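Coordinate inspection notes
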Amino acid sequence: VIERAVLLARGKEITLQSLPETLAEGPEVGSVEIDIRIPYKQLVQQHTDAIGRQYLEKLFKQYKGNVSQAAEQAGVERETLHRMAKRLSIDPRTFRSE
């Protein structure tokens, strides 16, 4: 796939047009389990929190708990990342030994 994308790429960047359709399409719509008994706002918040938690955990793991580097990668201020982590009960220090 990589070789094909390099060959099909125009210029120095690989774009979605360089990838096979199955990769370029992204995740399936509706791949999240939806429970219609839950109010809409609550459902959206639950999924937003789950995605945020996964994102922050991967980010902190990648940067070994270094909040400055993680914030730079995420494109947010350190304080914003701290607030997000606190709201989701994630302690960046737990990723320092990994």
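A few points on the structure. Because the structure is a prediction, the values reported are computed rather than measured.

Examining helix α4 (residues 67-74)
Buried residues of α4: Val67, Ala70 and Ala71, and no others. Seen end-on, α4 carries its buried residues on one side only, within an arc spanning 100°. Tucked inside the fold, the buried residues of α4 contact α3 (40-62) and α5 (78-87). Where α4 begins, the capping side chain belongs to Asn66, and its oxygen is found 3.1 Å from the backbone nitrogen of Ser68. Phi for Gly75, located one or two positions after α4, is positive at around 75°.

Topic: the pattern of salt bridges
Counted by the stated rule, this structure contains 3 salt bridges. Here Asp49 makes a salt bridge to Arg87, at a shortest N to O gap of 2.8 Å. Taken together, the positions of Asp49 in helix α3 and Arg87 in helix α5 put the pair 38 residues apart, joining distant regions of the chain. What makes Asp49 buried here is its relative accessible area of 17%. Accessibility expressed as a relative area gives 52% for Arg87, which makes it exposed.

Focus: the nonpolar core
By size, the foremost hydrophobic cluster in this structure holds 11 residues: Leu56, Leu59, Phe60, Val67, Ala70, Ala71, Leu81, Ala85, Leu88, Ile90 and Phe95. Listing elements by their share of this core, those giving two or more residues are α3, α4 and α5. Residues in contact with Val67, not counting those within four places in the same chain, are Phe60, Arg78, Leu81, His82 and Pro92.

Some details on the environment of Thr94
Take Thr94: it is sitting in the segment after α5. Using a relative accessible area of 47% as the deciding quantity, one classes Thr94 as partly exposed. Along the sequence, Thr94 and Lys61 sit 33 residues apart, while their C-alpha atoms lie 9.0 Å from each other. Among the polar contacts listed, one links the side chain of Thr94 to the backbone oxygen of Asp91, at a separation of 2.7 Å.

Procedures and definitions
All chains use their own residue numbering, which begins from 1 and follows the written sequence. Under the rules for a predicted model, residues below a pLDDT of 70 receive no local features and side-chain atom pairs below 80 are neither given nor counted, while totals for whole chains, interfaces and linings still include all residues. Hydrogens and water are ignored here; the side-chain numbers use all heavy atoms of the structure. The classification of residues rests on relative accessible area computed with a 1.4 Å probe and restricted to protein chains. Under 20% of the type maximum is buried, over 50% is exposed, and intermediate values are partly exposed. Strands here mean DSSP runs of E at least two residues long; helices mean DSSP runs of H or I at least four residues long; both are numbered from the N terminus. Throughout, the arc means the angular range of directions from the helix axis out to the C-beta atoms. In what follows, residue pairs with any heavy atoms lying within 4.5 Å of each other are defined as contacts. Polar contact is the term for a pair of N or O atoms within 3.5 Å; when the atoms are in protein, one must be able to donate a hydrogen and the other to accept it, and sequence-neighboring residues count only if both atoms are side-chain atoms. Just to be clear on terms, a salt bridge is a Lys or Arg side-chain nitrogen sitting within 4 Å of an Asp or Glu carboxyl oxygen. What is meant by a nonpolar core is a set of buried Ala, Val, Leu, Ile, Met, Phe, Trp, Tyr and Cys residues, joined one to another through side-chain atoms within 4.5 Å.

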